[in-house]
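# Close look at the chain arrangement
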Amino acid sequence: MQEEHDAPLAPLTTFRLGGPARRLLTATTDEEVIAAVREADAGGTPLLLIGGGSNLVISDDGFDGTVLRIATRGFRLDGTRLELAAGENWSDAVARVTDAGLAGVECLAGIPGSAGATPIQNVGAYGQEVSSVITEVVAWDRARRETVTLPGAECGFGYRHSRFKADPGRHVVLRVRLSLTDARGLSAPLRYAETARALGVETGGRVPVGEARETVLKLRTGKGMVLDPEDHDTWSAGSFFTNPVLGPAQWAAFLERTADRLGPGTEPPSWPAGEGRTKTSAAWLIERAGFPKGYGDGPARISTKHTLALTNRGTARTADLLALAREVRDGVRAAFGVTLVNEPVTVGVGL
């Protein structure tokens with residue numbers, strides 16, 4: 001297991017932000033991951049886990065403890081059953097699955113990060129969520145001090161949520177098992193209108209699975225959501241804020257504020273979110289609160305391609321990013337009475 005001291009963390013994140021780690025370990029096997037976690041827990045040492053670094057905002061002061069970079073590898077496909085080691089690159093795994101003609105994750109193409117992070121955030125995009133295909137998550141249980149296998153039904157999946165996110169110090173994901181679909185080379189039914197339109201089919205239709213993946217990649221690239229070292233619009237964590245989910249009273253109050261600000265008859269985007277709740281678009285709120293694409297005059301700005309992405313233009317510090325995030329959050333709250341929630345995990349800092 002590789003060990004470094006006073007190691008830069010910014011290069012390990014897609015924001016390219018954050019100070020150094022007092023100690024950085026890189027684990028390439030499950031056994032090394034478990035050993036590092038056990039050592040940190042036994043010594044009471046603060047521990048930070050990093051996979052692909054695509055969902056992290058780390059303090060400019062860095063992390064005064066042990067950072068464990070999970071770099072395990074393992075891709076095993078048996079029929080429609082797939083097992084991925086936590087350190088596997090998620091986007092690469094999606095490519096291999098679609099090349100095999102299997103459906104279920106093709107609309108999750110191009111999402112940066114590692115496979116082990118996908119159940120934590122219940123990664124979703126373009127009408128698919130990883131929870132729909134996860135059958136089991138193998139993890140190290142830090143409380144029980146043993147390896148456990150959690151069925152998908154026991155992972156507490158919700159919109160960008162899971163039991164792992166709710167209790168972030170409990171489990172360390174080691175492996176993810178998924179059940180895919182053999183639809184004779186066709187995709188799963190396309191549930192996202194933008195994707196269906198781009199492919200020239202009705203919502204609910206199917207297309208060759210490879211075409212679905214390629215179309216999603218093009219859509220994501222156009223929004224700066226596929227990593228490119230030369231494009232500062234991709235120096236981000238993707239969507240910085242989650243789409244708000246509002247209860248009936250909150251929704252009614254929101255509609256009143258919307259009418260007052262934008263005029264009677266204005267209809268914000270809305271989707272049923274279960275239990276009488278309604279989901280609306282964070283991007284729509286941000287734009288109409290006065291924060292367009294490219295907003296900002298400092299080293300951290302809103303992406304020129306997508307309103308939901310806050311970006312490092314090359315010289316930003318974490319403090320610059322957080323100042324922009326607070327400005328956007330507070331502006332939306334003042335305009336519409338809705339408080340946006342950050343999607344990336346913050347380390348040593350907060351909004």
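Further up the page is the structure itself.
The sections below set out a description of the structure shown in this document. Quick caveat, the model's predicted, so the values are computed rather than measured.

## So, the sheet that holds strand S3 (residues 47–50)
- What the four strands build is an open sheet, ordered S1-S2-S5-S3; its pairing is mixed. The outermost strands of the open sheet, each flanked by one partner alone, are strand S1 (2–8) and S3. Each strand axis lies, on average, 30° off the axis of its neighbour in the sheet, ignoring direction.
- Summarising the sheet, S1 and strand S2 (residues 20–27) pair through six bridges and their orientation is antiparallel. Paired with Glu3 across the two strands is Leu25, which belongs to S2.
- Its contacts with the sheet put helix H1 (residues 30–43) on S2, S3 and strand S5 (63–70), and the angle it makes with S2 is roughly 145°.

## Regarding helix H2 (residues 90–99)
- For H2, a buried count of seven out of 10 residues is recorded, marking the element as mostly surrounded by other parts of the structure.
- Where H2 is buried, its residues touch strand S6 (75–78), strand S7 (81–85), helix H3 (118–121), strand S12 (171–179) and helix H6 (209–222).
- Two or three places before Ser91, at the start of H2, stands the capping residue Asn89, its side-chain oxygen 3.1 Å from that residue's backbone nitrogen.
- At the C-terminal side of H2, Gly101 shows a positive phi close to 80°.

## Points about the sheet that holds strand S15 (residues 278–279)
- Pairing is antiparallel across the open sheet formed by three strands, whose spatial order is S13-S15-S14. At either margin of the open sheet sits one strand with a lone partner, and together these are strand S13 (245–246) and strand S14 (271–272).
- For S13 and S15, the ladder comprises two bridges, and the chain directions are antiparallel. Paired with Leu246 across the two strands is Thr278, which belongs to S15.

About the cut-offs
- Position labels on residues start from 1 in each chain and follow its written sequence.
- Owing to the predicted nature of the model, reporting of local features is limited to residues with pLDDT of at least 70; listing and counting of side-chain atom pairs is limited to 80 or more, with chain, interface and lining totals taken over all residues.
- The side-chain values count all of the structure's non-hydrogen atoms but skip hydrogen atoms and water molecules.
- Pairing between two strands requires that DSSP report at least two bridges joining them.
- In DSSP terms, a helix is any run of H or I states spanning at least four residues, a strand is any run of E spanning at least two, and both are numbered starting from the N terminus.
- Angles here are taken between N-to-C directions and fall from 0 to 180 degrees, while the axes themselves are lines fitted to C-alpha atoms, restricted in helices to the stretch in contact.
- Residue contacts follow a heavy-atom distance rule, with two residues in contact if any of their heavy atoms lie within 4.5 Å.
- Buried, partly exposed and exposed residues are distinguished by accessible area as a fraction of the type maximum, computed with a 1.4 Å probe on protein chains only: under 20%, between the cut-offs, and over 50%, respectively.
- We define a polar contact as two N or O atoms separated by no more than 3.5 Å, with the added condition that, inside protein, one atom must be a possible hydrogen donor and the other a possible acceptor, whereas residues neighbouring each other in sequence contribute only through side-chain atom pairs.

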